[in-house]
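Examination of the molecular architecture
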Amino acid sequence: MSLQRRLLLFLLISAPVVWALAALASVDRARQEIDELFDTEIIHLARQVQSTLTGLQTPGGVLPPTRGASGEADLRDLAIAVWDAEGRLLLVDREGASLPRRAQASGFVELPVDGDPWRVYYLQSPRGEWLVAAGQSVHEREELVWNLLASQLAPWLAVLPLLLVAMAWAVRRAMAPLRTLTAELQGRGADDLQPVAADQAPQELQPMLAAMNGLFARIESALARERRFTADAAHELRTPLAVLRAQWDALRVAPDGAARQEAEARLGRGLDRMDRLVTQMLALSRLEATDRLPAPAPIDWLPLVEQVIGEVLPLADRRRMEIAVEGDPAQFALQGDAGLLAVLLRNLLDNALRYAPAGSTVLLRFAPGALQVENDGPPLTPEALARLGERFHRDEAQAEGGSGLGLSIVHRIAALHGLRVGHGARADGSGVVARLGSPSSP
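Residues numbered from 1 in each chain as written. Predicted model: local features only at pLDDT ≥ 70, side-chain atom pairs only at ≥ 80, totals over all residues. Heavy atoms only, no water.

Broken down by element type, the chain carries nine helices and 13 strands. Residues classed as buried in the chain amount to 34% of the 442 residues present. The long-range fraction of contacts in the chain, counting pairs at least 24 apart against all pairs at least 6 apart in sequence, stands at 62%. A total of about 26400 Å² of accessible surface is found on the chain, and carbon and sulfur atoms cover 58% of it. (Helix = DSSP H or I, 4+ residues; strand = E, 2+ residues; numbered from the N terminus. Buried < 20%, exposed > 50% of the residue type's maximum accessible area, 1.4 Å probe, protein only. Contact = heavy atoms within 4.5 Å. Areas by Shrake-Rupley, 256 points an atom, 1.4 Å probe, with all protein chains shown as cover.)

Rendered as structure tokens:
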């Protein structure tokens, strides 16, 4: 069921229910007001009769019938009677003969008269010489209440069709912005992710439009990352594939012996570089597709450091370099993803090993709230620092193979953990230091 039909149905059900409840409340209130009005009149009548009893000479007198028009009131629903101390009727009208005498009664009493409910007021004389009773049939009062309700109900029922039409028009009018939004979205192309104008939208729709525009922005960002990744991949894979093709051609025509072994070695290094490039590109693509860590947990640095050093040890052995660890890892307490942090640390150590002189030492140092990776490489120039972390950018003088994506991956993992990566030289101006820590730490 559509939202418009549901809202209209709720209104069509709620309006009569609310009116019925209001009518019941009105009936109760009207009954109270009518009881108060007639009770006052009965009391007034009883007191008037009592005030005239002093001059009463003939007991058992009957009030004469009312002359002239009596309006809409039914006089048979009113009665009055007076008894003396011995219980003899002193005064009675035609209906009052049915009123029962209750010698000890005082005030209003609900009782049956000839099988019908009556409300009777008993008034005792000051010295007990007589008793006045004035009463009215309850049916008379109920009839008046329901006549008042009917007088209100008839106009409401008469205008009910107009009210339903007005509610249907109002609901349809109120839902017009939704239909406009639907038509606008249906007319968009698949690549049209421009924000929906929310300035003129109703206040109730603005949170939804804000969320929708945020979704469009995230989708646009994701598509931009995918397009950039595709363009970068197409650009970067072209050269390695061409090199591999040339190396394969050289291997096919190479004679046996040292020349063939050299061609095979070059082809192997080219395949290794291609494997590293594809692996890092896929890793970077996965990292950029997420905005938060799925399940952060406390990081135990000792096994993580042992794992990463074991992975980069072949490169260190090949370059005759050592890896040293200083400081207590417990100083760098962190909640995060151990797998991603292993990738981050491996890339930092890999870069430090590749860009340091052969035979030197790479130092992994833990400090309060941070870790540092240091090597003895030449200090970075301002131009190199400005391009550090740029995708696919590598120093032309670098002899080691690489893809230029390592630091991009490091920066992305650090951002997911709320950390910042900084590069610089040691305090004495020598070497290169990569520092991982919170943005606020020194």
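Think of two packed helices as two axes; the pair is described by the angle between the axes and how far apart they sit. One way to put it is that helix α2 (residues 138-174) packs onto helix α3 (residues 176-186) with a least axis distance of 4 Å and a crossing angle of 40°. Along its contact with α2, which presents Arg-172, Arg-173 and Ala-174, the element α3 presents Ala-176, Pro-177 and Arg-179. Grouping the constituent residues of the contact of α2 with α3 by class yields three nonpolar, no polar and three charged. (Axes fitted to C-alpha atoms, helices over the stretch in contact; angles between N-to-C directions. Nonpolar A, V, L, I, M, F, W, Y, C, P; charged D, E, K, R; others polar.)

Attention now moves to the packing of aromatic side chains. All told, the structure shown has three aromatic pairs when counted by the stated rule. Judged by centre distance (4.9 Å) and plane angle (50°), the ring pair of Phe-108 and Tyr-121 falls under tilted. Taken together, the positions of Phe-108 in strand β4 (residues 107-113) and Tyr-121 in strand β5 (residues 116-124) put the pair 13 residues apart, joining distant regions of the chain. For Tyr-121, a relative accessible area of 10% puts it in the buried group. Centre to centre, the rings of Trp-301 and Phe-332 are 5.3 Å apart; their planes meet at 10°, and the pair counts as stacked. Of this pair, Trp-301 sits in helix α6 (residues 301-318) while Phe-332 is found in the loop between β8 (322-326) and β9 (335-336), placing the two residues 31 residues apart along the sequence. Assigned by exposure class, Trp-301 and Phe-332 land together as buried. Connected via pairs of aromatic rings, a cluster forms that spans Trp-301, Phe-332 and Phe-366. Positioned above the aromatic ring of Phe-108, the side-chain terminus of Arg-119 is 4.5 Å from the ring centre. (Phe/Tyr/Trp six-rings, centres within 6.5 Å; stacked < 30°, edge-to-face > 60°. Lys NZ or Arg CZ within 6 Å of the ring centre and 35° of its normal.)

On to unusual backbone geometry, then. The backbone of Asp-114 shows a phi angle near 55°, a positive value even though the residue is not glycine. Following the sequence through the fold, Asp-114 ends up in the loop between β4 and β5. Judged by its relative accessible area of 66%, Asp-114 falls in the exposed class. Positive phi, normally seen in glycine, also occurs at Arg-320, with a value near 55°. Structurally, Arg-320 can be placed in the loop between α6 and β8.

Here we take up the pattern of salt bridges. Enumeration over the complete set of coordinates arrives at 12 salt bridges. The partner of Arg-127 in a salt bridge is Glu-129, with the nearest N and O atoms 3.5 Å apart. By relative accessible area, Glu-129 is classed as partly exposed at 22%. Note that Glu-311 is salt-bridged to Arg-346, the shortest N-O span being 2.5 Å. Of this pair, Glu-311 sits in helix α6 while Arg-346 is found in helix α7 (residues 338-354), placing the two residues 35 residues apart along the sequence. (Salt bridge = Lys/Arg side-chain N within 4 Å of Asp/Glu carboxyl O.)

Our next topic: the sheet that holds strand β10 (residues 361-367). Taken together, the five strands give an open sheet; going across it, the order is β8-β10-β11-β13-β12, and neighbouring strands pair in mixed fashion. Looking at which strands have only one partner, the edges of the open sheet turn out to be β8 and β12 (420-424). Averaged over all neighbouring strand pairs, the angle between strand axes comes to 15°, with direction disregarded. Here β12 pairs with strand β13 (residues 432-437) via five bridges, running antiparallel. Bridge pairing in β13 links Gly-422 to Arg-435. Against the sheet, α6 contacts β8, β10 and β11 (370-375), and its axis sits at roughly 165° relative to β8. (Pairing = 2+ DSSP bridges.)

What follows covers α6. Compared with the 26 Å implied by 1.5 Å per residue over 18 residues, the 26 Å span of α6 between its first and last C-alpha is a close match. The sharpest bend along α6 measures roughly 45° and falls at Val-312, with the proline Pro-314 sitting one to four residues further on. On its buried face, α6 is in contact with β8, α7, β10 and β11. Following α6 by one or two positions, Arg-320 adopts a phi angle in the positive range, close to 55°. (Expected span 1.5 Å × (residues − 1). Bend = angle between axes of the 7 residues up to and from the residue.)

Here the chain shows a mean pLDDT of 77. Residues at 70 or above account for 81%. Ignoring residues within four places in sequence, the model shows residues 57-74, a span with pLDDT below 50, making 19 contacts including any to other chains. Scored below 50 in pLDDT, residues 396-403 shows 17 contacts in the model against residues more than four places distant or in partner chains. (pLDDT = per-residue confidence, 0-100.)

It is a general feature of regular strands that their side chains alternate between the two faces of the sheet. Summarising the sheet, β4 and β5 pair through seven bridges and their orientation is antiparallel. Residue pairing in the sheet places Val-113 in a bridge with Asp-116 of β5. Two successive antiparallel strands, β4 and β5, enclose a turn made up of two residues, where Asp-114 displays a positive phi of approximately 55°.

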